[in-house]
Amino acid sequence: SAANTAAGDPSAPAASAPAAPAKASKNYSLQFIQGVTGDEFYITMQCGIEAEAAKLGVTVKTQGPQKFDPTLQKPILDSVVAAKPDAILIAPTDVTAMQTPLQAAAAAGIKVILVDTTTEDPSYAASAIASDNVGGGAAAFEAIKKLNPDGGKVMVMSTDPGVSTVDLRIKGFEDAAKADSKFQYLPVQYSHNDPATAANLITSALQRDPDIIGVFAANLFAAEGTATGVRQAGKTSTVKIVGFDAGPNQIKALQEGTVQALIAQQPGNIGQYGVDEAVAALDGGQITPKIQTGFTTITKENLNGEGGQAAYKSS
Ligand code: T6T
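### Regarding the overall build of the protein chain
Here comes step 1: Along its length, the protein chain carries 11 helices and 13 strands.
Here comes step 2: Scaling as 2.2 N^0.38, a compact globule of 315 residues should have a C-alpha radius of gyration of about 20 Å, and the protein chain matches this with 19 Å.

The structure is reproduced here in structure tokens:
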């Protein structure tokens, strides 16, 4: 929907749901490969996948790497391809490294559905479903600006370059920050999806630039570590943190005041649509090749209403 792409829209609504099959013609075997295990975002996505699979009458298994790392995800994909499921739903961990293995999976006759992240050339995929990540990054800047209207130094804490989602969030944030002369955009820090590394990086950044006023932490683990580092530096009152994602720990951090805003994606919907597209592709039904889901900006103020509803459930 058009509302979804409005840069800076603090609470873009969900995309209208794409066409969905009512039932699969047979009990297909689906495989979900997460970006990393134990990540609340992918756990919520798995809940959406399993609920939709049960509804349509198909079987789904889930597997993923211990780290958000293509050298660990590729062997998992290769073994899944060897087992020949009907469809694979996957969040590729790197735009380059996962390109050839996914092309090979599609060439082997398996329907590939990209959920969350993508690769350089996703033309092998039957469908790709992702958040409006550029819009979400711009919304993160708007949230920092609202907290600090006078401007100042801002920084992004990311995970790794080559992760499509976070790279797009950085772009949305960076473009919005650079368009506002009151703000100074500092170089992005890459924390490798590790909270302890993010805590160390923000500590060093605050030593170099003690006047940082805002940090956009581009995913769950970046937000967790950034909050720890800022708290340990005793800077919670001057450094505003906006995190991407809204897992139980992030909601707690928001309530405690160590994080000031969250951009919540809709992982359950991404998973649900992923199953719909897989079944449509297998049954020759109506496919939507590209689906963009929305996000909600959560603050302490809307946590008990719309914001709270957008938080990920730990089901
Ligand atoms: O932010 C999500 C996901 O969208 C991103 O691709 C990787 O990190 C998360 O899974 C959160 O940890």
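### Remarks on the pattern of salt bridges
Pairing is possible between side chains of opposite charge, provided their charged atoms come close.
Here comes step 1: Tallied over the full model, the rule gives 8 salt bridges.
Here comes step 2: In this structure, the salt-bridge partner of aspartate 175 is lysine 171, at a minimum N-O distance of 2.5 Å. Of this pair, aspartate 175 and lysine 171 are both found in helix 6 (residues 164–178), 4 residues apart, which corresponds to roughly one turn of the helix.
Here comes step 3: Among the residues examined, aspartate 175 registers a relative accessible area of 42% and is labelled partly exposed.
Here comes step 4: Shared partners join several salt bridges into a network, and the residues in it are Lys153, Asp209 and Asp211.

### As for the pairing of strand 4 (residues 111–115)
Here comes step 1: A large share of strand 4 lies buried, amounting to 4 of its 5 residues.
Here comes step 2: As judged from the 4 bridges shared by strand 3 (residues 87–90) and strand 4, these two strands associate in the parallel manner. Across the sheet, the residue bridging to isoleucine 88 is valine 112, located in strand 4.
Here comes step 3: Tracing the backbone out of strand 3, into helix 4 (residues 99–107) and back to the parallel element strand 4 gives a crossover that is right-handed.
Here comes step 4: Judged from the 3 bridges that link them, strand 4 and strand 5 (residues 127–131) form a sheet pairing that is parallel. Across the sheet, isoleucine 113 pairs through a bridge with serine 127, a residue of strand 5.

### What to know about the site of the ligand
Here comes step 1: The environment of the ligand is made up of 13 residues, and the closest members are Asp39, Asp116, Thr165, Arg169 and Asp245.
Here comes step 2: Contacts to the ligand include aspartate 116, whose side-chain N or O atom sits 2.6 Å from an oxygen atom.
Here comes step 3: Between glutamine 265 and the ligand, the recorded distance is 2.9 Å, taken from a side-chain N or O atom to an oxygen atom.
Here comes step 4: Within the complex, the protein chains bury 99% of what would otherwise be the 310 Å² of accessible surface of the ligand.
Here comes step 5: Elements represented by at least two residues in the shell around the ligand include exactly helix 2 (40–56), helix 6 and helix 8 (220–232).
Here comes step 6: Tallied by class, the residues present in the shell around the ligand amount to 5 nonpolar, 4 polar and 4 charged.

### Overview of the packing of aromatic side chains
Here comes step 1: In total, this model carries 7 aromatic pairs according to the counting rule given.
Here comes step 2: Summarising the aromatic geometry, the rings of phenylalanine 141 and phenylalanine 183 are spaced 4.9 Å apart at their centres and angled 75 degrees between planes, so their arrangement reads as edge-to-face. With phenylalanine 141 in helix 5 (residues 133–147) and phenylalanine 183 in strand 7 (residues 183–185), this residue pair connects regions lying 42 residues apart in the sequence. Across the pair, phenylalanine 183 and phenylalanine 141 agree in class, each one buried.

### Remarks on the nonpolar core
Here comes step 1: One finds Leu30, Leu89 and Phe173 to be the most contacted residues of the largest nonpolar core, which totals 55 residues.
Here comes step 2: For phenylalanine 173, the contacting residues outside a window of four places in its chain are Gly137, Ala138, Ala140, Phe141, Ile144, Val154, Val156, Tyr185 and Phe216.
Here comes step 3: Counting residues in hydrophobic clusters, the runner-up holds 27 residues, among them Ala205, Ile241, Leu303 and Ala310.

### Details of the sheet that holds strand 4
Here comes step 1: Overall, parallel pairing links the 6 strands, which are arranged 2-1-3-4-5-12 in an open sheet. Of all strands in the sheet, those bounded by a partner on one side alone are strand 2 (59–63) and strand 12 (290–293). Shown here is a sheet whose adjacent strand axes are inclined to one another by a mean of 15 degrees, direction ignored.
Here comes step 2: Bridge count between strand 1 (residues 29–33) and strand 2: 5 bridges; the pairing is parallel. Bridged to serine 29 within strand 2 is threonine 59.
Here comes step 3: Where helix 2 meets the sheet, it contacts strand 1, strand 2, strand 3 and strand 4, and its direction lies at approximately 165 degrees from that of strand 2.

Definitions and cut-offs
- Residues numbered from 1 in each chain as written.
- Predicted model: local features only at pLDDT ≥ 70, side-chain atom pairs only at ≥ 80, totals over all residues.
- Heavy atoms only, no water.
- Helix = DSSP H or I, 4+ residues; strand = E, 2+ residues; numbered from the N terminus.
- Rg over C-alpha atoms; globule rule 2.2 N^0.38 Å.
- Salt bridge = Lys/Arg side-chain N within 4 Å of Asp/Glu carboxyl O.
- Buried < 20%, exposed > 50% of the residue type's maximum accessible area, 1.4 Å probe, protein only.
- Pairing = 2+ DSSP bridges.
- Right-handed = clockwise from strand over helix to strand, strands pointing away.
- Near = heavy atom within 4 Å.
- Polar contact = N/O pair within 3.5 Å; in protein donor to acceptor, adjacent residues only side chain to side chain.
- Areas by Shrake-Rupley, 256 points an atom, 1.4 Å probe, with all protein chains shown as cover.
- Nonpolar A, V, L, I, M, F, W, Y, C, P; charged D, E, K, R; others polar.
- Phe/Tyr/Trp six-rings, centres within 6.5 Å; stacked < 30°, edge-to-face > 60°.
- Core = buried A, V, L, I, M, F, W, Y, C linked by side-chain atoms within 4.5 Å.
- Contact = heavy atoms within 4.5 Å.
- Axes fitted to C-alpha atoms, helices over the stretch in contact; angles between N-to-C directions.

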